[in-house]
Amino acid sequence: METGAPNALLKEQATEEKGETARLSSFIGAMAIADLVKTTLGPKGMDKILQSQSRGQHVTVTNDGATILKSIYVDNPAAKVLVDISKVQDDQVGDGTTSVVVLAGELLREAEKLV
């Protein structure tokens, strides 16, 4: 086995984070997803404008957290977990997708202080 060989699992332009940096980026990514949909909650919830990247340039205006989370690309592992719990909540219950993401995001925000 060759010492110092680059990791063959990562793509050419991929970056690798370790230790404190990786932990911090996971917290930040998950909290960003929670903050994204938090503003859509309640009677004064704001709408979000979603523009597709495809040829048609389709534009959607929504305040539904599930629709927003299905429409965005997420590459942060912790943020993907929040998107996944939203999908599970939608599949099992059919409602509360935004609430479960905001709750999990706030739990992570408080947990970050303890770690």
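Residues numbered from 1 in each chain as written. Predicted model: local features only at pLDDT ≥ 70, side-chain atom pairs only at ≥ 80, totals over all residues. Heavy atoms only, no water.

### A closer look at helix α3 (residues 77-92)
A rise of 1.5 Å per residue sets the reference length of α3, with its 16 residues, at 22 Å; its end C-alpha atoms lie 22 Å apart and thus fit the reference within 8%. Restricting attention to buried positions, one finds in α3 the residues Ala78, Ala79, Leu82, Val83 and Ser86. Buried residues of α3, viewed axially, fall in a sector of 155°; they line one side. Opposite the buried face of α3, by more than 90 degrees, sit the exposed residues Pro77, Asp91 and Gln92. Buried residues belonging to α3 abut α1 (19-38), α2 (65-71) and α4 (97-114). Where α3 starts, the residue carrying a side-chain oxygen 2.9 Å from the main-chain nitrogen of Ala78 turns out to be Asn76. (Helix = DSSP H or I, 4+ residues; strand = E, 2+ residues; numbered from the N terminus. Expected span 1.5 Å × (residues − 1). Buried < 20%, exposed > 50% of the residue type's maximum accessible area, 1.4 Å probe, protein only. Arc of directions from axis to C-beta. Contact = heavy atoms within 4.5 Å. Polar contact = N/O pair within 3.5 Å; in protein donor to acceptor, adjacent residues only side chain to side chain.)

### A closer look at the packing of α1 against α4
Here α1 crosses α4 at 145°, and the two axes come no closer than 8 Å. Note that α1 runs across α4; the crossing there is left-handed. Note on element contacts: α4 touches α1 through Thr98, Val101, Val102, Gly105, Glu106, Leu108, Arg109, Ala111 and Glu112, opposite Leu24, Phe27, Ala30, Met31, Ile33, Ala34, Asp35, Val37 and Lys38. Along the lines of polarity and charge, the residues of the contact of α1 with α4 split into 11 nonpolar, two polar and five charged. (Axes fitted to C-alpha atoms, helices over the stretch in contact; angles between N-to-C directions. Left-handed = near helix turned anticlockwise from the far one by under 90°. Nonpolar A, V, L, I, M, F, W, Y, C, P; charged D, E, K, R; others polar.)

### Structural notes on the pattern of salt bridges
Summed over the entire model, instances satisfying the criterion amount to six salt bridges. For Lys38, the salt bridge is made with Glu106, and the minimal N-O distance between the two is 2.8 Å. Separated by 68 residues along the polypeptide, Lys38 in helix α1 and Glu106 in helix α4 bring together distant segments of the chain. Classification of Lys38 as partly exposed rests on a relative accessible area of 32%. Here Lys113 ties to Glu110 by a salt bridge, and the two come within 3.2 Å at their closest N and O atoms. Separated by three residues within a single helix, Lys113 and Glu110 lie in helix α4, roughly one turn from each other. You can call Lys113 exposed: its relative accessible area is 60%. Its relative accessible area of 42% is what places Glu110 among the partly exposed residues. (Salt bridge = Lys/Arg side-chain N within 4 Å of Asp/Glu carboxyl O.)

Honestly, that's just the spatial picture; any functional story needs more than this.
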